[in-house]
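# Observations on the three-dimensional arrangement
As a plain string of letters, each chain reads:
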Amino acid sequence: MNKGKNKGKIQKSRQNAEGREAGSFLGKAFDSYHKFLSNKVINFVINMILAIGTVLPFMMKMCNKVAFTYEVNDDAAIVQILDGSYTGTPDGHAIFIKYPLSWIIAKLYELNPKLPFTVPADNGTNWYVTAIVLLEVFALTVVLFRILNYFRCNRILICFFYTLAFVYVWMPCFFHLTFSTVAAFLGCMSLLFTGFAKKEELWRPWNLLCLGILGISAYCMRKQCFYMVIPFLLIEIWYKYRMDFFRSVKPWFIFGVCGVLGAGILFLNTQMYGSMGWKNYFIYNHARAYMQDYTGMPDYEENEDFYQSIGVSENAQKVFKSYSYCLYDDFSTETIEKIYNYQKTQEPQLSLEQKAENAKEKAYRYCVKKKQTGEFLKFSGFYVWFLIVPLTAVTLLFKWKNGFLRWVSTFLYGGTCAFLIYIEWIYLAMNGRFPQRVEESIRLLMLSVGFMIVCHLLSFWKDTSFIRISVVIQCILLAVILHMGVNGSDRIQAIQGIQAGREAGSGQKAEIAAYCGKHKENYYILDTQSFGKPSGVKDDLHQGNWYMSGSWTAYSPLYEEKLAKDGISNLGTGFLLKKNVYIITKGKKNVLNLLGQEDTEHLTYKAVDEIEASGNLFFAVYKVSRSVK
């Protein structure tokens, strides 16, 4: 009897256990689903709202408050091609920018869609600047989202200091823009996006899409600037996967997708510039840029025999130096290529090691003493690297138990990045030219790489409870910081004033173009050296009846197309002697020197008009004619 009772109790207990197991299974399923919602979806939504809510309203306000300007004249020339001012129809052959991206911008000019935010211009919308702004705002948003997702704490303070860092470090370059620094910014943001993405997430489609947009846009804008970033991207991906780098398919999938995108861009660009006219132009333009922008032409007196052997007079050499070669009768692209080849043979033949050794002092001078960039961009790059050493020591002292392999990988990562930064400074010094846009690009890269190393060191601490600040305390700290006046308003006002001054002083070329437009029956040649200041972003530079005396667009298929449309073979003396052709220079100049004329007895020139321009400047309008004896 007792055995029967015991057996019944045992069966009942088994049934209860099975019920509990079933209940626990359903409970685990619901708990897992709830955990997924709380840890994944909710965090994703919160971080995305914070990223968009931080970047978008701030950038919209700043873009309405601060004027955009070009850092160099090249951007204005690119816009003339893209918006159709140069040839009459929007064209994607922007030369410096890869064709797929420039084709998209040219299409925007052609279609002119209505968007909530655009950068206005006198002739409609400046889609070139609008596209750049949209790309940079997108980059700022996705990188902030990744940072929030990476640290998972102190979100309010992170958003505030992220915005503050942009105001002090990059905002001047954002509004005083050029395609080179835009490419550097997008490339550096692709590095930060990669660094802050988790290894199990980076290979997923939407992350690859974001990385592809940033990387491909940087490559299309200026490939040389993106090449500076590629080594650090490869190291970042290696660091992220470490021992799984060769065993996992994920990093190779990432490389494969990026490689296919890059190959597709390169193929399309090659096809669109594949004609013989474009190939010959690129050979000539490389030779021209090398001598005009880097080394200069060989001295005439020291190399007189060579110049005479190819039929180049001293006046002709001066014409090339003064950017008025389009007006010289005997100018030819083949002659420039001959001078370039001769220049290369006259340069000392040094090994790579010798060139690097000779460039060390110059690299030090560029890195430490150059003052072309803003102080915040310059010194922030140093400060973040100075922070690495003590942070490494403290982290090693207190967090040495966090895995030997992780520590070794972090040290290798940081050391390799430091060595590559050093190599890139040496490389830039070897090139012999260091304009402001190059300095801004390398300093931004230096800052981004150093910041990434600091964040990887901080990741050893991110699970420590004392660094996690509650939302209430974050709000209190933020209020105290704002009360102390640390809000960037003074910095924004200073940038606004600088940009307003630049915008006010950039309208001369547009004013001259407007003068030309009022006399459509005439043709005007604008002296290139008289227009050294970049044009304004809003300026209408419709090039209907005027040409530059020399520019990088000259002798390109676009240039030949424009000449053909106007029924002109060249801008030489025969064209200048026509009754309706004039030359415009800033102030008074000896026009015959611009023409490179040795026999001045048969030609004369006379000022026939003056144009008052902003900035208390005046431009003279000259007519060249045959002298009467």
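Residues numbered from 1 in each chain as written. Predicted model: local features only at pLDDT ≥ 70, side-chain atom pairs only at ≥ 80, totals over all residues. Heavy atoms only, no water.

## Quick look at empty space enclosed by the protein
Scanning the entire structure with this criterion turns up two cavities of 30 Å³ or more. In this structure, the largest cavity encloses a volume near 50 Å³. Along its surface, the largest cavity is lined by Thr54, Val55, Phe58, Met59, Leu140, Tyr162, Thr163 and Phe166. Secondary-structure elements contributing two or more residues to the lining of the largest cavity are helix 1 (2-65) and helix 5 (155-175). Tallying contributions element by element places helix 1 first for the lining of the largest cavity, with four residues. Partitioning the lining of the largest cavity into residue classes produces six nonpolar, two polar and no charged. In this structure, the second largest cavity encloses a volume near 30 Å³. Those elements that place two or more of their residues in the lining of the second largest cavity are helix 9 (223-241), helix 17 (404-431) and helix 18 (436-458). (1 Å grid on protein atoms, 1.4 Å probe; cavity = no way out; pocket = protein on both sides within 12 Å on 5 of 7 lines; lining within 4 Å. Points joined across faces, edges and corners; volume = space filled by probe spheres on them. Helix = DSSP H or I, 4+ residues; strand = E, 2+ residues; numbered from the N terminus. Nonpolar A, V, L, I, M, F, W, Y, C, P; charged D, E, K, R; others polar.)

## Considerations on a nonpolar patch on the surface
Taken together, the side chains of Val472, Ile473, Ile476, Leu477, Val480, Met484 and Val486 present a nonpolar region at the surface, about 630 Å² in accessible area. Turning to its location among the elements, valine 486 is positioned in the loop between helix 19 (471-483) and helix 20 (489-504). Residue class for valine 486 comes out partly exposed when judged on its relative accessible area of 33%. (Patch = residues over 30% accessible without salt bridge, like charges linked within 9 Å, V, L, I, M, F, W, Y side chains within 5 Å. Areas by Shrake-Rupley, 256 points an atom, 1.4 Å probe, with all protein chains shown as cover. Salt bridge = Lys/Arg side-chain N within 4 Å of Asp/Glu carboxyl O. Buried < 20%, exposed > 50% of the residue type's maximum accessible area, 1.4 Å probe, protein only.)

## Observations regarding the layout of surface pockets
What the second largest pocket holds in volume is close to 1,200 Å³. Along its surface, the second largest pocket is lined by 36 residues, and Phe161, Tyr162, Ala165, Phe451 and Cys455 are the ones closest to its centre. Broken down by secondary-structure element, the contributors of at least two residues to the lining of the second largest pocket are helix 4 (127-151), helix 5, helix 6 (179-196), helix 16 (375-398) and helix 18. Top contributing element to the lining of the second largest pocket by residue count: helix 5, with ten residues.

## Comments concerning unusual backbone geometry
In this structure, isoleucine 95 takes a positive phi of about 70° despite not being glycine. Note that isoleucine 95 resides in the loop between helix 2 (73-82) and helix 3 (99-111). The phi angle at asparagine 154 is positive, at roughly 55°, despite the residue not being glycine.

## Brief notes about the pattern of salt bridges
A complete count under the given rule lists eight salt bridges for this structure. Across the pair glutamate 439 and arginine 443 runs a salt bridge whose closest N-O atoms are separated by 2.8 Å. Placement of both glutamate 439 and arginine 443 in helix 18 is noted, with a separation of four residues, approximately one turn of the helix. The exposure class of glutamate 439 is buried, given its relative accessible area of 0%.

## Side note on the packing of aromatic side chains
On inspection of all chains with the given rule, the structure shows 51 aromatic pairs. Both rings, one in tyrosine 366 and one in phenylalanine 434, keep their centres 4.2 Å apart while their planes meet at 5°; by these two values the pair is stacked. Of the two residues, tyrosine 366 sits in helix 15 (residues 352-369) while phenylalanine 434 sits in the loop between helix 17 and helix 18, which places them 68 residues apart along the sequence. Owing to a relative accessible area of 6%, phenylalanine 434 belongs among the buried residues under this scheme. One aromatic cluster is present, built from ring pairs that chain together Tyr99, Tyr273, Trp278, Tyr281, Phe282, Tyr284, Phe320, Tyr325, Phe331, Tyr555 and Tyr559. The positively charged end of lysine 562 is found above the aromatic ring belonging to tyrosine 547, 4.7 Å away from the centroid. Geometry around tyrosine 582 places lysine 623 over its ring, the cationic atom sitting 5.9 Å from the centre. (Phe/Tyr/Trp six-rings, centres within 6.5 Å; stacked < 30°, edge-to-face > 60°. Lys NZ or Arg CZ within 6 Å of the ring centre and 35° of its normal.)

## Here we look at the pairing of strand 5 (residues 523-526)
Regular strands place their side chains on alternate faces of the sheet. On strand 5, burial covers both faces: Tyr523 and Ile525 on one face and Tyr524 and Leu526 on the other are all buried. As paired strands, strand 5 and strand 7 (residues 581-586) are joined by four bridges and run parallel to one another. The partner of tyrosine 524 across the bridge, within strand 7, is tyrosine 582. Two strands pair when backbone bridges link them, and strand 5 and strand 6 (residues 546-548) are joined in this way by three bridges, in the parallel orientation. Counted as the bridge partner of tyrosine 524 is tryptophan 546 from strand 6. (Pairing = 2+ DSSP bridges.)

## Description of the side chain of glutamate 347
Mapped onto the elements, glutamate 347 comes out in the loop between helix 14 (333-346) and helix 15. Within the structure, the side chain of glutamate 347 is placed 2.3 Å from the side chain of tyrosine 290, a separation counted as a polar contact. (Polar contact = N/O pair within 3.5 Å; in protein donor to acceptor, adjacent residues only side chain to side chain.)

## Regarding helix 3
For helix 3, with 13 residues, the first-to-last C-alpha span of 18 Å sits near the 18 Å given by 1.5 Å per residue. Listed in full, the buried residues belonging to helix 3 are Tyr99, Pro100, Leu101, Ser102, Ile105, Ala106 and Tyr109. In this fold, the buried residues of helix 3 make contact with helix 2, strand 3 (124-125), helix 4, helix 8 (205-221) and helix 10 (250-272). Just downstream of helix 3, asparagine 112 is the residue with a positive phi angle, here 50°. (Expected span 1.5 Å × (residues − 1). Contact = heavy atoms within 4.5 Å.)

## Structural notes on the side chain of aspartate 539
As for its position among the elements, aspartate 539 is in the loop between strand 5 and strand 6. No salt bridge is formed by the buried aspartate 539, whose closest oppositely charged neighbour, lysine 509, lies at an N-O distance of 9.0 Å. Of note is the side chain of aspartate 539, whose polar atom sits 2.7 Å from the backbone nitrogen of glycine 536. Leaving out residues up to four positions away in the same chain, aspartate 539 has contacts with Asp122, Ser506, Gly507 and Ala510. (Lys, Arg positive; Asp, Glu negative; His and termini not counted.)

## Focus on the nonpolar core
Core analysis: the largest hydrophobic core is formed by 190 residues, its most contacted members being Phe68, Tyr128, Leu571 and Ile584. Of all the elements, helix 4 adds the most residues to this core, at 18 residues. Each residue touching isoleucine 584, except ones within four places of it in the same chain, is listed here: Ile512, Tyr515, Cys516, Tyr524, Ile525, Leu526, Asp527, Ile611, Phe619, Ala620 and Val621. Ranked by size, the runner-up nonpolar core spans five residues in total, among them Leu157, Phe160, Leu164 and Ile481. (Core = buried A, V, L, I, M, F, W, Y, C linked by side-chain atoms within 4.5 Å.)

## Some words on a negative patch on the surface
A cluster of acidic residues, Asp299, Glu301, Glu302, Glu304, Asp305 and Glu314, forms a negative patch on the protein surface. One can find aspartate 299 in the loop between helix 11 (276-295) and helix 12 (304-309). (Charge placed at Lys NZ, Arg CZ, Asp CG, Glu CD.)

## What about the confidence of the model for the protein?
In the predicted model, the protein carries a mean pLDDT of 86, and 91% of its residues have values of at least 70. pLDDT under 50 marks residues 17-23. Its contacts with residues more than four places away, or in other chains, come to zero contacts. Every residue in residues 25-30 is under pLDDT 50, and counting partners more than four places away or in other chains gives zero contacts. (pLDDT = per-residue confidence, 0-100.)

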